[in-house]
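# Notes for the structure review
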Amino acid sequence: MKFVEVKEVPDQKKYHPLKSKWEEFMAMNVKVVKVDLDEHEYKSIEVAARTMMLSIRRFGYPITVTKRGNELYLIRRDM
């Protein structure tokens, strides 16, 4: 084991404000949208889908995340 001196502890990684994304989707008043992800946002499409599903459940939005191939879709359940 080695110890390396540092000046300070690095800040935690900043996460996407997903709640604002869900509010934006709900305000669009459409049934289905395709999610256009930047290649650096998530490690894989599976990670993105799982993260979105957990966030949607946490905030209680009537949204379903569906994966088709390498594409993600959001579907409103209240329409």
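In case you missed it, the structure is sitting above this.
Small disclaimer: the values here were computed from a predicted structure and weren't measured. Here the residue index of a chain counts from 1 through its sequence in written order. Per-residue local features of the predicted model are confined to residues with pLDDT of at least 70, and side-chain atom pairs are confined, for both listing and counting, to 80 or more; whole-chain, interface and lining totals are unaffected and use all residues. Based on all heavy atoms of the structure, the side-chain values leave hydrogens and waters out of the count.

As a further point, take the pattern of salt bridges. Where charged atoms from two side chains of opposite charge come close, those side chains can pair. What counts as a salt bridge is simple: a side-chain nitrogen of Lys or Arg found within 4 Å of a carboxyl oxygen of Asp or Glu. Considering all chains together, one arrives at three salt bridges under this definition. Two residues, Glu-46 and Lys-67, come together in a salt bridge whose shortest N-O distance is 3.6 Å. Of this pair, Glu-46 sits in helix α2 (residues 45-59) while Lys-67 sits in strand β2 (residues 63-68), placing them 21 residues apart in sequence. Ionic pairing is found between Arg-76 and Asp-78, a salt bridge with its closest N-O pair at 2.9 Å. Partly exposed residues are those whose accessible area sits between 20% and 50% of the maximum for their type, while under 20% is buried and over 50% is exposed, using a 1.4 Å probe and protein chains only. Look at Arg-76 and you get buried, because its relative accessible area is 7%. Judged by its relative accessible area of 42%, Asp-78 falls in the partly exposed class. Helix and strand definitions here come from DSSP, where helices need a minimum of 4 consecutive H or I residues and strands a minimum of 2 consecutive E residues; each element is numbered from the N-terminal end.

This paragraph deals with the pairing of strand β3 (residues 71-76). Side-chain alternation along β3 places Leu-72, Leu-74 and Arg-76 on a buried face and Glu-71, Tyr-73 and Ile-75 on a face that remains uncovered. Taken together, β2 and the strand that follows it, β3, pair antiparallel across an intervening segment of two residues, in which Gly-69 is found at a positive phi of about 65°. Two strands qualify as a pair provided DSSP detects at least 2 bridges between them.

The next thing to look at is the packing of helix α1 (residues 18-27) against α2. Their axes nearest at 10 Å, the elements α1 and α2 cross at an angle of 80°. In this view, α1 runs roughly perpendicular relative to α2, as classed from their interaxial angle. Of α2, the residues touching α1 (which contributes Leu-18, Lys-19 and Trp-22) are Thr-51, Met-52, Ser-55, Ile-56 and Phe-59. Under this grouping Gly is polar, as are all residues other than the nonpolar Ala, Val, Leu, Ile, Met, Phe, Trp, Tyr, Cys and Pro and the charged Asp, Glu, Lys and Arg. Counted by class, the contact of α1 with α2 contains five nonpolar, two polar and one charged residues. Axes here mean lines fitted to C-alpha atoms, for a helix over just the part in contact, with angles spanning 0 to 180 degrees between N-to-C directions. Any angle from 65 to 115 degrees is called roughly perpendicular, while one under 35 is roughly parallel, one over 145 is roughly antiparallel, and all others are oblique. Here a residue-residue contact requires only that any non-hydrogen atoms of the pair lie within 4.5 Å.

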